[in-house]
Amino acid sequence: ETDGVDDNIGLPHLCESLTEACFALEALGQGACKRQLSAFCVDQLAPYGRSFGKKKSYVENIGGLDQIDRRFVWFRKLLTVIDQHFSKVFPNNWPIHYKLTNLFLIQTREH
């Protein structure tokens with residue numbers, strides 16, 4: 001794990017269970033899919049907030065926008081990990097990259 005991106009996430013049996021869960025969610029409707037997608041993306045971006053979020057003092061603010069290069073390196077690594085471990089888990093019509101990017105940009109703006 002580097003900068004909060006765990007590149008060893010996901011086991012084959014876990015991925016199979018998640019794929020089955022996605023099919024079940026699709027049967028429940030679009031709302032269930034959107035909620036699960038949002039929860040997954042929020043979980044994946046939690047380390048980003050811990051690493052780059054607002055700090056209480058100027059001295060602690062290593063996550064300021066002057067660190068934008070580090071932020072985007074972190075995010076690109078996250079996308080790579082997601083692709084490696086979850087590319088066959090989620091249905092192709094689930095906008096994983098879009099949702100992750102959207103939330104990443106929102107969090108970055110708030111920092």
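Look above for the structure.
My aim in this report is to walk through the structure given alongside it, one point at a time. It should be emphasised that the depicted structure is a prediction, and the values quoted were computed from it without experimental measurement.

Regarding the overall build of the protein
- Broken down by element type, the protein carries four helices and zero strands.
- Going through the 111 residues of the protein one by one, you find that 33% of them count as buried.
- For the protein, the proportion of contacts with a sequence separation of at least 24, taken over those separated by at least 6, is 77%.
- Here the protein displays about 7200 Å² of accessible surface, and carbon together with sulfur accounts for 56% of that area.

Details of the packing of aromatic side chains
- Throughout the structure, instances matching the rule amount to nine aromatic pairs.
- Judged by centre distance (4.2 Å) and plane angle (15 degrees), the rings of Phe75 and Phe104 are stacked. In this pair, Phe75 is assigned in helix 3 (residues 68-86) and Phe104 in helix 4 (residues 96-110), connecting sequence segments 29 residues apart. Each of the two residues, Phe75 as well as Phe104, counts as buried.
- One aromatic cluster is present, built from ring pairs that chain together Tyr48, Phe52, Phe72, Trp74, Phe75 and Phe104.

A few points about the nonpolar core
- The biggest cluster of nonpolar side chains holds 23 residues, and the ones touching the most others in it are Leu45, Phe75, Phe90, Trp94, Ile96 and Leu100.
- Secondary structure elements with two or more residues in this core: helix 1 (12-28), helix 2 (30-52), helix 3 and helix 4.
- For this core, the element with the most residues is helix 2, which contributes eight residues.
- Ignoring any residue separated from it by four or fewer positions in sequence, one finds Phe90 in contact with Cys22, Phe40 and Ile96.

So, helix 4
- Taking 1.5 Å as the rise per residue, helix 4 with 15 residues should run 21 Å; its terminal C-alpha atoms sit 21 Å apart, in good agreement.
- Listing the buried residues of helix 4 in full gives Ile96, Leu100, Leu103, Phe104 and Thr108. For helix 4, the angular spread of buried residues about the axis comes to 135 degrees, placing them on one side. Those residues of helix 4 that are exposed and aimed more than 90 degrees away from the buried face are Tyr98 and Arg109.
- At its buried positions, helix 4 is contacted by helix 2 and helix 3.

Calculation rules
Residues numbered from 1 in each chain as written. Predicted model: local features only at pLDDT ≥ 70, side-chain atom pairs only at ≥ 80, totals over all residues. Heavy atoms only, no water. Helix = DSSP H or I, 4+ residues; strand = E, 2+ residues; numbered from the N terminus. Buried < 20%, exposed > 50% of the residue type's maximum accessible area, 1.4 Å probe, protein only. Contact = heavy atoms within 4.5 Å. Areas by Shrake-Rupley, 256 points an atom, 1.4 Å probe, with all protein chains shown as cover. Phe/Tyr/Trp six-rings, centres within 6.5 Å; stacked < 30°, edge-to-face > 60°. Core = buried A, V, L, I, M, F, W, Y, C linked by side-chain atoms within 4.5 Å. Expected span 1.5 Å × (residues − 1). Arc of directions from axis to C-beta.

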